[in-house]
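Chain and residue survey
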Amino acid sequence: MIEAIFQYEFLRNTFITGLLIGFIAPLLGTFIVVRRLSLIADALSHVTLAGIATSLFFSKTFLPFAGMNPLYFGIGFSVIGSLLIERLRLVYKHYQELAIPIIMSGGIGVSVIFISLADGFNTDLFSYLFGSVSAVSRMDLYLILGIAIFVGIIIILLYKEWFLLSFDEEHAKVAGIPAKFLHFLFMLMTALVIAASMRIVGILLVSALMTLPVAASMRIARGFKQTIWLSILFGEISVIGGLISAYYLDLAPGGTIVVLSIFILLITILLKRLRTKGVLWNVRGERA
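A quick note: this is a predicted structure, and the numbers were derived from the prediction, not measured.

Moving on to the nonpolar core. Ranked by size, the top nonpolar core spans 72 residues in total, and within it L28, I155, W162, M189 and M210 carry the most contacts. In terms of residues, this core owes the most to one element, helix α10 (residues 179–197), which gives 13 residues. Residues within four places of W162 in sequence aside, it is in contact with F31, R35, I154, I155, L182, L185, F186 and M189. Formed by 10 residues, the second largest nonpolar core is a distinct cluster that contains A208, I220, A221 and V258.

Laid out in structure tokens, this is it:
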């Protein structure tokens with residue numbers, strides 16, 4: 001069954017890209033969830049949609065943009081959106097969470113405008129919204145590979161600093177850690193991962209791949225590092241299973257990946273409850 005998938009180049013590209021995304025999205029998502037910034041993924045995904053819609057409009061209207069990969073526009077808009085969120089967090093020091101809905105609203109507004117100008121939804125836009133098993137080109141694969149390598153290296157090099165910032169930001173600042181620069185770098189990486197993941201999962205569902213595996217791992221993990229590894233494991237299972245299901249059932253991969261992620265989450269919740277009940281039963285048995 002799997003051998004049939006690898007006989008086509010575009011499916012090989014999709015599968016390899018899925019493996020990369022299944023690694024980096026939950027990896028970065030662990031830090032996002034711990035820092036209580038889960039909604040940032042939603043905000044930047046809508047900004048990325050604005051970039052895709054703008055690119056599709058320009059490619060039809062202006063000849064110099066014809067044939068340009070919309071992924072570049074998506075990455076550009078996502079990076080700009082991340083910078084604006086960080087800037088607004090500084091403007092609204094006592095209400096930093098306002099930055100997220102402001103940028104999300106702007107992204108939705110720009111998206112609607114350019115989708116209307118581009119004569120509404122079409123096949124290309126649909127694939128960006130919900131993912132596609134046939135939309136990943138060789139250039140997309142190379143670009144996403146570069147993003148995955150960049151994100152992986154940065155997290156390895158700055159793991160201790162981000163760990164401290166995630167759990168005790170005040171102590172991190174006192175210890176001399178450059179919090180502002182690391183915040184900026186974190187937002188930049190989040191924007192890149194979201195833009196890279198939209199090819200497989202889709203813009204509207206990419207935040208789920210960054211949060212659902214983490215939510216599942218947090219139910220059974222014992223420690224932060226174990227949470228990271230379990231999140232990556234659950235992310236890879238969801239992506240691989242979702243891509244295979246989407247190919248053979250002719251479905252959008254974003255939906256199958258998210259449904260599998262939810263299924264894994266429900267299993268971990270059930271295991272946690274069974275473990276808790278087992279402990280209670282043991283305690284009662286010992287008392288008896």
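Checked against the element boundaries, S197 lands in helix α10. In contact with S197, not counting residues within four places along its chain, are I21, A25, G202 and V206.

Take the packing of aromatic side chains next. In the structure shown here, the tally under the stated rule is 15 aromatic pairs. Aromatic pair F57 and F58: ring centres 5.7 Å apart, planes at 45°, arrangement tilted. Seen from their ring centres, Y247 and Y248 are 4.9 Å apart, and the 80° between their planes marks the pair as edge-to-face. The positively charged end of R35 is found above the aromatic ring belonging to F186, 4.5 Å away from the centroid.

Each value, and the rule that gives it
Residues numbered from 1 in each chain as written. Predicted model: local features only at pLDDT ≥ 70, side-chain atom pairs only at ≥ 80, totals over all residues. Heavy atoms only, no water. Core = buried A, V, L, I, M, F, W, Y, C linked by side-chain atoms within 4.5 Å. Buried < 20%, exposed > 50% of the residue type's maximum accessible area, 1.4 Å probe, protein only. Helix = DSSP H or I, 4+ residues; strand = E, 2+ residues; numbered from the N terminus. Contact = heavy atoms within 4.5 Å. Phe/Tyr/Trp six-rings, centres within 6.5 Å; stacked < 30°, edge-to-face > 60°. Lys NZ or Arg CZ within 6 Å of the ring centre and 35° of its normal.

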